[in-house]
Amino acid sequence: HPMQIGSDTKLPVLSIQRMNRLQNKLELLLAYPYSGQTKTILTETSSSYIEISDNLTFLPNGNDFIWSSDTDGYNHLYLYSVDGSMLYQITKGNWDVTGIKGYDDKKQIIYYTSTEISPTNENLYSVSLDGQIKKKLSPIPGSDDAEFNSTCTYYIHTYTNANRPHVTTLRTA
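First, a word on what this report is: a plain description of the structure on this page.

1. Quick notes on the sheet that holds strand S10 (residues 97-104)
Then, in step 1: Here we have four strands laid out as an open sheet, ordered S10-S11-S12-S13, and antiparallel in their pairing. The open sheet is flanked by S10 and strand S13 (134-136), the only strands paired with a single partner. On average, each strand axis in the sheet is inclined to that of its neighbour by 30 degrees, with strand direction left out of account.
Then, in step 2: For S10 and strand S11 (residues 109-118), the ladder comprises six bridges, and the chain directions are antiparallel.

2. Considering the pattern of salt bridges
Then, in step 1: On inspection of all chains with the given rule, the structure shows three salt bridges.
Then, in step 2: Note that Arg18 is salt-bridged to Glu27, the shortest N-O span being 2.8 Å.
Then, in step 3: On the accessibility criterion, Arg18 (41% relative accessible area) is partly exposed.
Then, in step 4: Residue classification places Glu27 among the buried residues on the basis of a relative accessible area of 14%.

3. Examining the packing of aromatic side chains
Then, in step 1: Inspection of the entire model under this criterion finds six aromatic pairs.
Then, in step 2: Taking the centre distance of 5.5 Å and the plane angle of 10 degrees together, the rings of Phe65 and Tyr80 count as stacked. Pair noted here: Phe65 is in strand S7 (residues 64-69) and Tyr80 is in strand S8 (residues 76-81), with a separation of 15 residues, a long-range link.
Then, in step 3: With a relative accessible area of 0%, Phe65 lands in the buried category.

4. Observations concerning the side chain of Asn123
Then, in step 1: The residue Asn123 is located in strand S12 (residues 121-128) in this model.
Then, in step 2: Among the polar contacts made by the side chain of Asn123, one reaches the main-chain carbonyl oxygen of Gly142 at a distance of 2.8 Å.

5. Considerations on the environment of Ser128
Then, in step 1: Relative to the elements of secondary structure, Ser128 occurs in strand S12.
Then, in step 2: Placed 109 residues apart in sequence, Ser128 and Met19 show a C-alpha to C-alpha distance of 30 Å.
Then, in step 3: Ignoring anything within four residues of it in the chain, the contact list for Ser128 reads Ile90, Gln108, Ile109 and Ile133.
Then, in step 4: Here Asp130 takes part through its side chain, which lies 2.5 Å from a polar atom of the side chain of Ser128.
Then, in step 5: Separated by 3.2 Å, the side chain of Ser128 and the backbone nitrogen of Gln132 make a polar contact.

6. As for the environment of Thr98
Then, in step 1: If you trace the backbone, Thr98 turns up in strand S10.
Then, in step 2: Spatially, the C-alpha atoms of Thr98 and Ser68 are 9.0 Å apart, while their sequence positions differ by 30 residues.
Then, in step 3: Look past the residues within four positions of Thr98 in its chain and what remains in contact with it is Asn55, Thr113, Ser114, Thr115 and Glu122.
Then, in step 4: A distance of 2.7 Å separates a polar atom in the side chain of Thr98 from a polar atom in the side chain of Thr113.

7. Quick look at the environment of Leu77
Then, in step 1: By the element assignment, Leu77 lies in strand S8.
Then, in step 2: For the pair Leu77 and Asp96, spaced 19 residues apart in sequence, the C-alpha separation works out to 9.4 Å.
Then, in step 3: For Leu77, the contacting residues outside a window of four places in its chain are Ile66, Trp67, Ser68, Gln89, Ile90, Thr91, Val97, Ile100, Ile110 and Tyr112.

8. Here's the deal with the sheet that holds strand S6 (residues 56-58)
Then, in step 1: In space, the four strands of this open sheet follow the order S6-S7-S8-S9, with antiparallel pairing throughout. Of all the strands in the sheet, just S6 and strand S9 (86-89) have a single pairing partner and so form its edges. Strand-to-strand twist of the sheet, defined as the mean angle between neighbouring strand axes without regard to direction, takes the value 20 degrees.
Then, in step 2: Pairing between S7 and S8: six bridges, direction antiparallel. Directly across from Ile66, in S8, lies its bridge partner Leu79.

Rules of the game
- Per-chain numbering applies: the sequence of each chain, read as written, is numbered from 1 onward.
- Only residues with pLDDT of 70 or above have their local features reported here, since the model is predicted, and side-chain atom pairs are shown and tallied only from 80 upward, although totals for entire chains, interfaces and linings are computed over all residues.
- For side-chain calculations, the full set of non-hydrogen atoms in the structure is used, while hydrogens and water are omitted.
- The rule for pairing is simple: two strands pair if DSSP sees at least two bridges between them.
- Each helix is a run of DSSP H or I of at least 4 residues and each strand a run of E of at least 2, with the numbering of both proceeding from the N terminus.
- Note on geometry: axes are C-alpha line fits, over the in-contact stretch for helices, and angles between N-to-C directions span 0 to 180 degrees.
- Salt bridges, as used here, are contacts in which a Lys or Arg side-chain nitrogen is within 4 Å of a carboxyl oxygen on Asp or Glu.
- Whether a residue is buried, partly exposed or exposed follows from its accessible area with a 1.4 Å probe, protein chains only, as a fraction of its type maximum: under 20%, in between, or over 50%, in that order.
- Only centres within 6.5 Å qualify two rings of Phe, Tyr or Trp (six-membered ring in Trp) as a pair; their planes then separate them into stacked at under 30 degrees, edge-to-face at over 60, and tilted for everything else.
- Within 3.5 Å is the distance limit for a polar contact, defined as a pair of N or O atoms, with the added protein rule that one can donate a hydrogen and the other accept it, and that residues adjacent in sequence qualify only through two side-chain atoms.
- It only takes one pair of heavy atoms within 4.5 Å for two residues to be counted as in contact.

Pasting the structure below:
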């Protein structure tokens, strides 16, 4: 859909993730269908391999995006400018972010799942875009998953643990 990227006018823009055959180099490109031009905005390399994820969210301002990377040894969220410069690391710690579930632009809050409590459980968290305010959203021990509506006002929360089968609940953010 049309979105403004940086100083470009409102044109349809496609983001492409391209990986080499050895799976140790990943590039993020912007492609402009009307002109046929592409621009590489981010490149990651690894001595072994890079794990692909869908953890990419372009912010409505058209200038920034959230990207996950394991460059510090754990998979965490980073804020980048569309010119490819990293602005700052959003999440930090000896645990992995496993998925971005939603982004609320009005509140500037990211909803994500991580293995912070235990490597065998994924739990649902929110974090402010600046990384300063983080909150675990479910007090129930076990694993969480969530599907947010487009405005991140509601989500379908699914959780389970060793003593309870999957439970699905509609919740407000």
